[in-house]
Amino acid sequence: MGGKKGRQEREQVMNTRSRGKRLATGITAAVGVGSFAAAGVAAAAVYAATPSVIARTTPAADSSTQGTTSKSGAARSDDDDNGTRQDNGTRRSRSYGNTSPVQPSKGGTVHGRSSGS
Amino acid sequence: MTVTEPGIVAAAEEIVRDVVAAVDRACSRFRDDSELVRLQPLMPSGVNVSPMFQHLLERALDAAHLTGGDADPTLGAQLAALGHGPLEDDHAEMPGHPGMRSIPVPPAPSIPAAPAPRAPGWSRLHLDAGTLTLPADLRLDLGASAKAVAADLAAAEVHRQLGCGVLVSLGGDLASAGAGPQQDGGPGPWRILVQDLPSDPAQHVSLAPGFALATSSTQKRRWTHQGAQVHHILDPRFGLPADPVWRSVTVAAPSCLEANAFSTAAIVRGFAALEWFRTEGIPARLVDSRGRVAATGGWPAEDYLAAGIESPEDSMEADQNSGCFGEASVSEGARHG
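Please read all numbers here as calculations on a predicted model, not as lab measurements.

### A closer look at the overall build of chain A
For chain A, the helix and strand inventory stands at 3 helices and 5 strands. Shown N-terminal to C-terminal, the secondary structure of chain A runs as helices and strands in the order α-β-α-β-β-α-β-β. Residue burial in chain A is summarised as follows: out of 117 residues, 41% are buried. The contacts of chain A with a sequence gap of at least 6 include a subset with a gap of at least 24, amounting to 58%.

Following this line, the structure appears as structure tokens:
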């Protein structure tokens, strides 16, 4: 996975994956795939998109996105745009073509949460 | 899991379930009928493995290569000795910690001996044309990398079969494939909340479609062993939990496997991870034991001023003098409960 060749391959894969299929519709449903629990990969809980799950979601702030978000995500939305203080200095960033993997969020629907397991 | 197209969430869910089940059957340490558990006794003399097991093992070795061995798939015995493994005989499961138990061991000497360095296990593993040979003193644990690979596989498979954009989250590791959600008339990024425990600093970020995020934590999976708090990320050099310099480390990468490998290795490397990530330009967010946040590789920094929090720079002077944080941007994380 390392080295120039590996990077090029990853970038090619990325370009392929990023092209994707442009869709006219927005987010329409969110299904929680639970953690693997204590067993690492032993127990994956998939919560169906039942009305009860949908009911626990909050409409997207962005009306152009027919999205859903979890209550916890929406409740923390006061964090949005907190972060622009960055000392670029001599630091470098990996090159993934013209794509920056992570940008500050402009708010709106939260689609997922990254946390330790 | 989140998809971008109406009417296919059930089909996507089924695909994700199938992928997760296949990975689980191949490499779970927590079920007797998994391929890993069944074949482990045969590995010293060489054993043929299934294509899925081979794929998971090859990716685990990729992670080891990528991190110089800091993400080592041969720590199964050490994890089990610390109490992270399937229940055996009369070893009771620990309340509130499914799958964990503390194993009785002889009393420790009054003056603990320094841990002896361990030979890198992953470099002693041989996988050739589907035949795996593993020395008898090693046990596989593919847990971290397998979860990340499962997220990558599931996202790719949903996109391949259904053509939609998808974001798959398995235990907090996120992989995406296809276009992102609609935003301003076109596909936009996935919006992600990065936060480990509810009391930890939170940040909302946008993740470019096709990329992945992984978070490794020293706080979430903890238990008491021999009267001491331990966690599940081991330093391969000693087979013991890494010093919890970081509460959590989150990394963005083109694949969840790569993100997971780097986030795991950062926990193992401690303060040295900051310089490593800065040099390599790896987009990462590191939260230290005091809740301070460092960003590397273009990761958007939090603005403690906007959050009305006193500058952490004075309090970090000692760390900076010791080279802990170098030139990485640092801010005090706003805590949210």
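### Comments concerning the sheet that holds strand β3 (residues 126–128) of chain B
All names here are of chain B. Taking strand neighbours across the sheet as the criterion, the 3 strands line up as β2-β4-β3 in an open arrangement whose pairing is antiparallel. Where the open sheet ends on each side, the last strands, each with one partner, are β2 (47–48) and β3. Strand direction decides the pairing type here: β3 and strand β4 (residues 131–133), joined by 3 bridges, are antiparallel. Counterpart to D128 in the pairing with β4 is T131.

### Here we look at helix α6 (residues 256–269) of chain B
For an α-helix, the turn length of 3.6 residues means that residues three or four places apart are oriented alike. Residues and elements named next belong to chain B. Here α6 spans 20 Å end to end across 14 residues, near enough to the 20 Å set by a 1.5 Å rise per residue. With respect to burial, α6 is a largely interior element, 14 of its 14 residues being buried. The positive-phi residue at the C-terminal boundary of α6 is G270, with phi of around 65°.

### What to know about the packing of helix α1 (residues 9–27) of chain B against helix α3 (residues 51–66) of chain B
Residues and elements named next belong to chain B. Where α1 contacts α3, the axes come no closer than 9 Å and their chain directions differ by 85°. It follows from the interaxial angle that α1 and α3 lie roughly perpendicular. Residue-level contacts link A22, V23, A26 and C27 of α1 to M52, F53 and L56 of α3. Its residues assigned to classes, the contact of α1 with α3 comprises 7 nonpolar, no polar and no charged.

### Things to note about the confidence of the model for chain A
Residues and elements named next belong to chain A. Across chain A, the average pLDDT comes to 45, with 21% of residues at or above 70. Across chain A, the secondary-structure element scoring lowest on mean pLDDT is helix α2 (residues 51–55), at 25, and the one scoring highest is strand β4 (residues 102–104), at 94. Between residues 9–90, whose pLDDT stays under 50, and residues either more than four places distant or in other chains, the model counts 206 contacts.

### Focus on the environment of F262 of chain B
All names here are of chain B. In this fold, F262 is placed in helix α6. Taking the C-alpha atoms as reference points, F262 and L66, separated by 196 residues in sequence, lie 8.0 Å from one another. Non-local contacts of F262, meaning those with residues more than four positions away in its chain, are made with T67, V251, A253, I282 and A284.

### Let's talk about the sheet that holds strand β10 (residues 203–207) of chain B
With respect to topology, 4 strands assemble into an open sheet ordered β4(A)-β10(B)-β9(B)-β5(A), the strand pairing being mixed. Single-partner strands in this sheet number two, and they are β4 and β5 (112–114) of chain A. Between one strand axis and the next, the sheet turns through 40° on average, direction left out of account. Bridge count for β4 of chain A against β10 of chain B is 3 bridges, and the pairing is antiparallel. Bridged to V102 of chain A within β10 of chain B is L207 of chain B.

### Things to note about the environment of P44 of chain B
Along the polypeptide, P44 of chain B turns up in the loop between α2 (35–39) and β2. In this structure, P44 of chain B is in contact with L134, P135 and A136 of chain B, ignoring residues within four places of it in sequence.

### What to know about the pairing of strand β11 (residues 212–217) of chain B
All names here are of chain B. The buried fraction of β11 amounts to 6 of the 6 residues, a majority that puts the element mostly inside the structure. Residues of β11 alternate between two faces, with A212, A214 and S216 on one and L213, T215 and S217 on the opposite face, all of them buried. Across 2 bridges, strand β6 (residues 173–177) lies against β11 in antiparallel orientation. Bridged to A175 within β11 is A212.

### What about the nonpolar core?
All names here are of chain B. Counting residues in hydrophobic clusters, the biggest one holds 95 residues, and the most contacted among them are L56, A150, A151, A154, V166, V168 and A266. A total of 11 residues in this core trace back to one element, the largest contributor, which is helix α5 (residues 143–162). When neighbours within four sequence positions are excluded, A266 is seen to be in contact with S216, W246, V249, A273, F277, A284 and L286.

### Focus: the pairing of strand β12 (residues 222–225) of chain B
Residue and element names in this part refer to chain B. For β12 and strand β13 (residues 228–231), the ladder comprises 4 bridges, and the chain directions are antiparallel. Across the sheet, residue R222 finds its bridge partner in β13, namely H231. Hairpin geometry of β12 and β13 is characterised by an intervening segment of 2 residues between the two adjacent antiparallel strands and by a positive phi of about 55° at Q226.

Calculation notes
Residues numbered from 1 in each chain as written. Chains lettered and ligands numbered in written order. Predicted model: local features only at pLDDT ≥ 70, side-chain atom pairs only at ≥ 80, totals over all residues. Helix = DSSP H or I, 4+ residues; strand = E, 2+ residues; numbered from the N terminus. Buried ≥ 20, exposed ≤ 12 C-beta atoms within 10 Å, placed from the backbone. Contact = placed C-beta atoms within 7 Å. Pairing = 2+ DSSP bridges. Expected span 1.5 Å × (residues − 1). Axes fitted to C-alpha atoms, helices over the stretch in contact; angles between N-to-C directions. Parallel < 35°, antiparallel > 145°, perpendicular 65-115°, else oblique. Nonpolar A, V, L, I, M, F, W, Y, C, P; charged D, E, K, R; others polar. pLDDT = per-residue confidence, 0-100. Core = buried A, V, L, I, M, F, W, Y, C linked by C-beta atoms within 7 Å.

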